[in-house]
Amino acid sequence: MQEKLYEITGIYDPDLSENDLQAEIENFKNLISKLDGKFAKSDVWGKIRLCYPVRKKTEGWFVTYYFKGSPALPENLFPRLKLNERLMRFLLVRSNDKLPEDNLGSEKTGVAQEKGENI
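Just so it is clear, the model here is predicted, and its values are computed rather than measured. (Residues numbered from 1 in each chain as written. Predicted model: local features only at pLDDT ≥ 70, side-chain atom pairs only at ≥ 80, totals over all residues. Heavy atoms only, no water.)

**Some details on the confidence of the model for the protein**
The predicted coordinates of low-pLDDT regions are not to be read in fine detail.
Piece 1. In this model, the protein carries an average pLDDT of 85, and 82% of its residues clear a pLDDT of 70 or more.
Piece 2. Looking across the protein, the model is least confident in helix α3 (residues 110–115), with a mean pLDDT of 38, and most confident in helix α1 (residues 18–34), with 96.
Piece 3. Scored below 50 in pLDDT, residues 103–119 shows nine contacts in the model against residues more than four places distant or in partner chains. (pLDDT = per-residue confidence, 0-100. Helix = DSSP H or I, 4+ residues; strand = E, 2+ residues; numbered from the N terminus. Contact = heavy atoms within 4.5 Å.)

This is the structure we're talking about:
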């Protein structure tokens, strides 16, 4: 079966230290390997204020992971992610066939680019 590229954006508890957050990222890498996936990269966005409280928290650490795996990988991954009490929310989607560039934050994209607005 052909491997697909997946993307997960997760919101971690804001009370985590940077060392604890790095440990969570390592745990995720190990989990993907255990489930026969191939970890590609992770992007730590930093601590960001939330639009509404989640678990009585008003901010959280945002992290995006990119990895490859079989179509059955998300089914096996969901229950394990739900058990992680430090991970407040997550969204898993099947991504494009290639990884995003590292400099996406510096470029105008989407509607703002079409309208010529500053981001």
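**A few points about the sheet that holds strand β1 (residues 4–12)**
Piece 1. The strand order β2-β3-β1-β4 describes an open sheet built from four strands, whose pairing is antiparallel. The sheet is open, and its two borders are formed by β2 (38–54) and β4 (87–94), each paired with just one other strand. For this sheet, the mean inter-axis angle between neighbouring strands, taken without regard to orientation, is 20°.
Piece 2. Across nine bridges, the pairing between β1 and strand β3 (residues 57–69) is antiparallel. Within β3, the residue paired with Leu5 across the bridge is Lys68. (Pairing = 2+ DSSP bridges. Axes fitted to C-alpha atoms, helices over the stretch in contact; angles between N-to-C directions.)

**Description of unusual backbone geometry**
Piece 1. Of note in the backbone geometry, Arg55 takes a positive phi value of approximately 55° without being a glycine.
Piece 2. Note on placement: Arg55 falls in the loop between β2 and β3.
Piece 3. Under the relative-accessibility criterion, Arg55 is labelled partly exposed at 46%.
Piece 4. Although it is not a glycine, Lys56 adopts a positive phi angle of roughly 65°. (Buried < 20%, exposed > 50% of the residue type's maximum accessible area, 1.4 Å probe, protein only.)

**Quick notes on the pattern of salt bridges**
Piece 1. Under the definition given, this model contains six salt bridges.
Piece 2. Across the pair Asp43 and Lys41 runs a salt bridge, and its minimum N-O distance is 3.9 Å.
Piece 3. Given a relative accessible area of 25%, Asp43 falls into the partly exposed group.
Piece 4. Taken together, the shared-partner salt bridges in this structure form one network comprising Asp13, Asp15 and Lys57. (Salt bridge = Lys/Arg side-chain N within 4 Å of Asp/Glu carboxyl O.)

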